[in-house]
Amino acid sequence: MATTLAQLPAGSPVVTVDHVSLNYFNDKEPLPVLVDVSMTAGKDEFVALTGPSGCGKSTLLRIISGLNKASAGTVKIGGAEVTGPRPEITMVFQNFVLLPWRTALENVMFALSSRRELSEAQKKDKASKALEECGLSGFENVYPGELSGGMKQRVGVARALATEPEVMLMDEPFSSLDDLTAERLRKDIYALLINPTTSIKTVIMVSHNVEEIIELADKVVVLSSRPAHVAGEFTIDLPRPRNKKSPEFFSWVDKVYSLLS
Amino acid sequence: MMLALGLSILFALTIGIIAARNKRAEAVILPLLDIFQSIPILGFFPLVILAIYGALPNAIGINLAVIILIFTSMSWNIAFGVYEAVKAIPQSYVDLLDMSNASTWQRTKQLYIPASMSRIAYNTQTSWAVGLFFLVASEIITLGNKSLSVTYGIGIGATQFFSSGDYADYVLLIVGLILAVVVWRFVFLREFALWSEKYKMMEEPREQHNDPIMRFYSWVNQRAVSKLFLLAQGRGVNRFTSAISRFRKGLKYATLIFVAIFALLVLETVASRGPPGIGHLPPTSLILSTEASVAYALAVSFVRVWYVYGISVAIGPPLGIVISLNFKLYDIVSPILEVIASIPAPILLPAIVLIPILGHSSEGVAALVIMLASIWYIIFNVMAGVRSLPSEIKELPRVFGVSRLSAWRNVYIPGAMMGFVTGSITAIGGAWNALIIAEYFTVTNKNGTTTLLTQTSAGIGKTIVLATNSGNILTLTLAVASMTVLIVGFNLTVWRRVYHHVTKRYTYNR
Amino acid sequence: MVASQGRPLPIARVMPGRVTAGQVISLVEVTGSLGPKVDVPKLADELGFDMEVLPSILEAAEMLGLIMNERGDVSLTELGLRFQKTSKKKVMLLKDRLAAIEPFKTAVELAARGKGVTAQTIADTLSQIGIKWNYLPEQNEELIRDLLIHWTIHGGLLKYDGRTGRFEKA
């Protein structure tokens, strides 16, 4: 699996969402949530998924992760269909979702507990390294309740990175942090995800913060309000690092806003 | 029973409001509530009966004693609810009334009572179940001494039908009781709870209405016993922090008051029974030898309570976790468990004796009765704990594809920990109460003779019942006092520490 | 003891509660990028802090020797400039500065004595010399723990183990 994805040329699709629809059933009456959604996330691409609140963007992310099932259509990763959670896909949550009764290190090790081929010491080693990469060396034995919001999310990212994933899904990862903390974390996380040494082949992030999207994403997929279909898709070709005060940046922000409203 | 409930609510309102609004009263009332909450009230019942019967030697006296018992069993929990509700009223509301020069009665009517309404409703659901247990138990206890029995009641009916071989009537009665419980619980109390919603002050998070069981049992403890533990420990609940130091000071006074009430009760009893009379203390050697036998019985019962608790721990939490992780299973099983749990254990005792293997072992019977009176608290609290975990946390094992073992070790068991401990505290309390029927149980036949159904070789429950029947005030007093000291001491030391640790580590907040 | 010898008690330098390293880093970055001198309203605007939190961040940064604040005109010190340029483990630069400020000073002293020290002991020791952040003991202890975890681990002063609740020499 890993090798096939690694051999893909840059830009070729890693995640393919193919005509995915989702209905909720309410008194036997189908209630459409997602209608015929198709999109791709290419190799070395950072894709942002946005739309009006409640449109189902997080649900789409959950379908991609294999946690939820679509009513119709398929999700493929490098050619293999996603039918349930897979080890090469990982997730970072809006509310961190750390185990409060486990230390930072134990939280990261938890994500490795399915890796039978690793010894306890190797797991510990990997977990410490992931924490260190996320700027948390020295915090191994601290409980999540003793950490600030930004640090908790760093543990969440470290947990995801430790599994050496190929597809990184992020569900509003910065939205429960204050502006300043979010700003710093965005920079650090982008550098961690998109670099030559990482195992990550593609990133899909759900967000409703348009400036955040224009700052980070290579491509943005805009969903319409419920029932959601793809309202637009743009490739953001701004050079990096992106200057949030440049007129080009603002014109991109306007462009996405106009589709959202 | 309704009378007792009405009295309880009235009492709870008075005490709760006074405690919440008067700092000096708060310092004494809170620790006092804590003590009353944790002692096995059933143990006190014989003393109360003898005391009241001494004053009113007729059926009215006995019925009064029963009402007092039920009232006592139901009050504390509701009083806590009122206290917390009134304490939580935003200061601006109080200021408003201050500025309008409202009288105490107006304040009570306009603000305190409406503010307490929803808490009273929720806590009543709990108190009702507790009260029912005591109702049946008290009727049955009085049977031991023919001169002291209530003339009619469910408990008596059940045992009489049983002893005279009317098994059909016995079963019919239990079915009837279950129906009554179901109707009362799911219709009346639920409606009351829903109706009281409109009295909610602020945007408190609404608990799920489709889930009466969970709501019900999480209230048993979290709102009462455990909150106080938390309070005494001085952690977490900020708005109560100033109350903590007062609580510590108040504990002394509260203990004094408690001892005074106890002494009064004993004196009253002694006086009503004639010799040895007030002031004539029995010789020290007699006290010591009685205490020795009481201590032995207490030790036996202590071991009994704990091994039954051990069995409950092996069954309860895994069952609770499995049920609450599976939505379909939960929907089917939890109402069934709820109904089984609502049948007071004493009423089932005659049937338990008939179980072939157990019937010949009084120890087995006692263990089963104790378990039936206590395991539910563990199961329902564990269920409530697991259900209240955020769904994302419960999903983590799937997200990271971890093994079932790792999921239980890292997610489900720690997630259930808080509910397990709060449930355990109440379960142990329930177990001590159950001893009094579990260790010695007689039924009265229609012709007035009594038959001994089961008795264990030794135990504090048996000691108390026997002492009651023979009017042995000394043994009774020492037994009740020793048991109380043991339980309160245990709560203040062991449980409080465990509870503190668990709240610190095992509560879920982001 | 000092007072009995007729000298005034030294005024301990005390870290404002609830100031995070992130806030100080942002302050230094913005000050550095906006030029040699920036006035406080401008800083508040750029950082998105209101005037309720900015003063304590300025106070902390000044105490740490990162900025100078001359009647509302803020500029970076030598250390501030170095701090701004360092990309990794910035807070390590502040190790010595932190060690002179409460509650870190007392924490380091107590931790040096042996098997580590809890936030409670540190809080008790500090309140004996009249230093507390919150009137309520429980909240005071919590705040001190937060400050210590936040600054001393990043600063390389202390180690912390949540399982024992003890801070130890790094």
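These notes cover the structure that comes with them. (Residues numbered from 1 in each chain as written. Chains lettered and ligands numbered in written order. Predicted model: local features only at pLDDT ≥ 70, side-chain atom pairs only at ≥ 80, totals over all residues. Heavy atoms only, no water.)

**Remarks on the overall build of chain C**
Counted only if it meets this: Labels follow the DSSP assignment, with helices taken as runs of H or I lasting at least four residues and strands as runs of E lasting at least two, numbered in each case from the N terminus. Residue exposure (1.4 Å probe, protein chains only): buried if accessible area is under 20% of the type maximum, exposed if over 50%, otherwise partly exposed. Throughout, a residue-residue contact means that at least one pair of heavy atoms, one from each residue, lies within 4.5 Å. Method for areas: the Shrake-Rupley scheme with a 1.4 Å probe, in which residue coverage is limited to the protein chains shown.
Counting its secondary structure elements, chain C contains eight helices and six strands. The N-to-C order of helical and strand elements in chain C reads α-β-α-α-β-β-α-α-α-β-α-α-β-β. Of all 170 residues assigned to chain C, the portion counted as buried reaches 45%. Counting only contacts in chain C whose residues sit at least 6 apart along the sequence, the fraction spanning at least 24 positions is 57%. When the accessible surface of chain C is summed, it comes to about 9,100 Å², and 51% of that surface belongs to carbon and sulfur atoms.

**What to know about the overall build of chain B**
On a plain count of helices and strands, chain B comes out with 20 helices and two strands. By sequence separation, contacts in chain B at least 24 residues apart represent 79% of the contacts at least 6 residues apart.

**Some words on the nonpolar core**
So the rule is basically this: Put simply, buried Ala, Val, Leu, Ile, Met, Phe, Trp, Tyr and Cys residues joined by side-chain atoms within 4.5 Å make one nonpolar core.
With 163 residues, the main nonpolar core has Val15, Leu34, Leu60 and Ile204 of chain A together with Trp432 and Ile460 of chain B as its most contacted residues. With sequence-adjacent residues up to four places away left out, Ile204 of chain A is seen in contact with Val15, Met39, Ala41, Val47, Leu61, Ile64, Met168, Leu169 and Met170 of chain A. By size, the runner-up hydrophobic cluster in this structure holds 107 residues, among which are Phe96, Ile213 and Ala217 of chain A together with Ile131 of chain C.

**Quick word on the sheet that holds strand E2 (residues 29-42) of chain A**
Residues and elements named next belong to chain A. The criterion, for reference: A pair of strands is treated as paired once DSSP finds two or more bridges between them. Interaxial angle, 0 to 180 degrees, is taken between N-to-C directions of lines fitted to C-alpha atoms, where a helix line uses only the stretch in contact.
Across the sheet, four strands lie side by side as E2-E1-E4-E5; this open sheet has antiparallel pairing. The sheet is open, and its two borders are formed by E2 and strand E5 (80-81), each paired with just one other strand. Of the strand pairs in this sheet, strand E4 (residues 72-77) and E5 are connected by two bridges, and their pairing is antiparallel. Considered in E5, the bridge of Lys76 is made with Glu81. Sheet contacts for helix H2 (residues 57-65): strand E1 (13-26), E2 and E4; angle to E1, the most-contacted strand, approximately 120 degrees.

**Regarding the packing of helix H6 (residues 104-112) of chain C against helix H7 (residues 119-128) of chain C**
All names here are of chain C. Which entries qualify depends on this criterion: Angles below 35 degrees are treated as roughly parallel, those above 145 as roughly antiparallel, those between 65 and 115 as roughly perpendicular, and all remaining angles as oblique. Here a crossing is taken to be left-handed if its near helix is turned anticlockwise relative to the far helix by less than a right angle, and right-handed if that turn runs clockwise. Gly is put with the polar residues, along with every residue not named as nonpolar or charged; the nonpolar set is Ala, Val, Leu, Ile, Met, Phe, Trp, Tyr, Cys and Pro, and the charged set is Asp, Glu, Lys and Arg.
Following both chains from N to C, one finds H6 and H7 inclined at 120 degrees, their axes separated by 10 Å at the closest point. Classed by the angle they form, the pair H6 and H7 counts as oblique. Handedness of the crossing formed by H6 with H7: right-handed. Each of Thr106, Ala107 and Leu110 in H6 lies in contact with H7, whose residues at this interface are Thr121, Ile122, Thr125 and Leu126. In the contact of H6 with H7, the residues fall into four nonpolar, three polar and no charged.

**As for the environment of Gly81 of chain B**
Following the sequence through the fold, Gly81 of chain B ends up in helix H4 (residues 59-87). Counting along the chain gives 35 residues from Gly81 of chain B to Ser116 of chain B, while the straight-line C-alpha distance between them is 7.2 Å.

**Comments concerning the interface of chain B and chain A**
Our working rule: In short, buried area is how much 1.4 Å probe accessible area vanishes from two parts on joining, totalled over both. The working definition used for a salt bridge is a side-chain nitrogen of Lys or Arg within 4 Å of a carboxyl oxygen of Asp or Glu. Polar contacts here mean pairs of N or O atoms no more than 3.5 Å apart (in protein, one a potential hydrogen donor and the other a potential acceptor; neighbouring residues in sequence count only if both atoms are side-chain atoms).
On the chain A side, the residues contacting the 23 residues of chain B number 23 residues. Interface area for chain B against chain A, summed over the two sides, is near 2,300 Å², with a carbon-plus-sulfur share of 60%. At the boundary of chain B with chain A, the tally comes to one salt bridge. A salt bridge links Arg62 of chain A to Glu395 of chain B; the nearest nitrogen and oxygen atoms lie 2.4 Å apart. In this structure, the connection of chain B to chain A is made through six residue pairs in polar contact (both at pLDDT 80 or more). Where the side of chain B that touches chain A is concerned, the elements lending two or more residues are helix H17 (391-399) and helix H18 (404-438) of chain B. Among the elements that make up the side of chain B that touches chain A, the one with the highest residue count is H17 of chain B (seven residues). Taken together, the residues that form the side of chain B that touches chain A break down as 11 nonpolar, six polar and six charged.

**Some thoughts on the pairing of E1 of chain A**
With 10 bridges joining them, E1 of chain A and E2 of chain A adopt antiparallel strand pairing. Each bridged residue has a counterpart across the sheet, and for Val20 of chain A the counterpart in E2 of chain A is Val37 of chain A.

**Regarding the pairing of strand E3 (residues 73-76) of chain C**
Residues and elements named next belong to chain C. Sheet analysis places strand E1 (residues 38-39) next to E3, joined by two bridges and oriented antiparallel. When the bridges of E3 are listed, Val38 appears paired with Val74. Taken together, the four bridges between strand E2 (residues 67-70) and E3 define a ladder with antiparallel strand orientation. Paired with Asn69 across the strands is Val74, a residue of E3.

**A look at helix H1 (residues 21-33) of chain C**
Residue and element names in this part refer to chain C. Operational definition: Between the first and last residue of a helix there are one fewer steps than residues, each counted as 1.5 Å, and that sum is the expected span.
Here H1 spans 18 Å end to end across 13 residues, near enough to the 18 Å set by a 1.5 Å rise per residue. For H1, the buried fraction is high: 10 of the 13 residues fall into the buried class. If you check which residues of H1 are buried, you get Ala21, Gly22, Gln23, Val24, Ile25, Ser26, Leu27, Val28, Val30 and Thr31. Phi turns positive, to about 115 degrees, at Gly35, one or two residues after H1.

**Some words on the sheet that holds strand E8 (residues 202-206) of chain A**
Residues and elements named next belong to chain A. Sheet architecture is open: six strands sit in the order E6-E7-E8-E3-E9-E10, paired in mixed fashion. Two strands close off the open sheet at either side, each with one partner strand: strand E6 (89-92) and strand E10 (230-235). Adjacent strand axes in the sheet meet at a mean angle of 15 degrees, parallel and antiparallel pairs treated alike. Summarising the sheet, strand E3 (residues 45-50) and E8 pair through five bridges and their orientation is parallel. Opposite Val47, over in E8, you have Ile204 as the bridge partner.

**Quick notes on the packing of helix H12 (residues 284-325) of chain B against H18 of chain B**
All names here are of chain B. In contact at an axis separation of 8 Å, H12 and H18 are set at 140 degrees when each is read in the N-to-C sense. As the angle between them shows, H12 and H18 are arranged oblique. Crossing handedness for the pair H12 and H18: right-handed. Split by residue class, the contact of H12 with H18 holds 20 nonpolar, two polar and one charged.

**Observations regarding a nonpolar patch on the surface**
The cut-off we apply is this: Patch members must show over 30% relative accessible area and no salt bridge, and they are joined within 9 Å when carrying like charges or within 5 Å when they are nonpolar side chains of Val, Leu, Ile, Met, Phe, Trp or Tyr.
A surface patch of nonpolar side chains, about 390 Å² in accessible area, is lined by Val303, Tyr307, Ile311, Ile315 and Leu319 of chain B. Within the fold, Leu319 of chain B resides in helix H12.

**A closer look at the pattern of salt bridges**
Residue and element names in this part refer to chain A. For the structure shown, the criterion picks out 25 salt bridges over all chains. Ionic pairing is found between Arg115 and Glu164, a salt bridge with its closest N-O pair at 3.6 Å. Separated by 49 residues along the polypeptide, Arg115 in the loop between helix H3 (104-111) and helix H4 (120-133) and Glu164 in the loop between helix H5 (149-162) and strand E7 (167-171) bring together distant segments of the chain. Within this structure, Glu183, Arg186, Lys187, Glu212, Glu215 and Lys244 form a network of salt bridges that share partners.

**Regarding the packing of aromatic side chains**
Formally: Classification of ring pairs rests on two measures: the distance between centres of Phe, Tyr or Trp rings, Trp counted by its six-membered ring, which must be within 6.5 Å, and the angle between planes, read as stacked under 30 degrees, edge-to-face over 60 and tilted in between. Placement of a charge over a ring requires the Lys NZ or Arg CZ to be within 6 Å of the ring centre, with the centre-to-atom vector within 35 degrees of the ring normal.
One pass over the full model with this rule turns up 11 aromatic pairs over all chains. Geometrically, the ring pair formed by Trp408 of chain B and Tyr412 of chain B is edge-to-face, given 5.9 Å between the ring centres and 90 degrees between the ring planes. You can see Trp408 of chain B and its partner Tyr412 of chain B sitting in helix H18, four residues apart, about one turn around the helix. Here a set of aromatic residues connected by ring pairs shows up, and it is made of Phe302, Trp306, Tyr309, Trp432 and Phe490 of chain B. In this arrangement the basic side chain of Arg505 of chain B is found over the ring face of Tyr143 of chain A, its NZ or CZ atom lying 3.5 Å from the centre.

**Digging into the environment of Phe174 of chain A**
Residue and element names in this part refer to chain A. The topology assignment puts Phe174 in the loop between E7 and helix H6 (179-193). A sequence separation of 24 residues divides Phe174 from Gly150, and the C-alpha atoms of the two residues are 8.6 Å apart. Apart from residues no more than four positions distant in its own chain, Phe174 is found in contact with Ala182, Leu185, Arg186, Ile189, Met205, Glu212 and Leu216.

**Section: helix H2 (residues 40-47) of chain C**
This is how it is decided: To obtain the arc, one takes the directions from the helix axis to the C-beta atoms.
All of the buried residues along H2 of chain C are Val40, Leu43, Ala44 and Leu47 of chain C. Buried residues along H2 of chain C cover an arc of 100 degrees about the axis, so they all sit on one side. Exposed and facing more than 90 degrees away from the buried side of H2 of chain C are Pro41 and Asp45 of chain C. Elements in contact with the buried residues of H2 of chain C: H6 of chain A together with H1, E1, helix H3 (54-63) and E3 of chain C. Among the residues trailing H2 of chain C, Gly48 of chain C stands out with phi positive, at a value near 75 degrees.

**Observations regarding unusual backbone geometry**
With an omega dihedral of -10 degrees, the bond running from Arg226 of chain A to Pro227 of chain A counts as a cis peptide bond. With omega at -5 degrees, the peptide bond leading from Arg240 of chain A into Pro241 of chain A counts as cis. One can find Pro241 of chain A in the loop between E10 and helix H8 (247-260). The phi dihedral of Asp36 of chain A falls on the positive side, at around 50 degrees, and the residue is not glycine. For Arg18 of chain C, which is not glycine, the phi dihedral falls at a positive 65 degrees. Take Arg18 of chain C: it is sitting in the segment before H1.

Shape is all these values report; function is a separate question.
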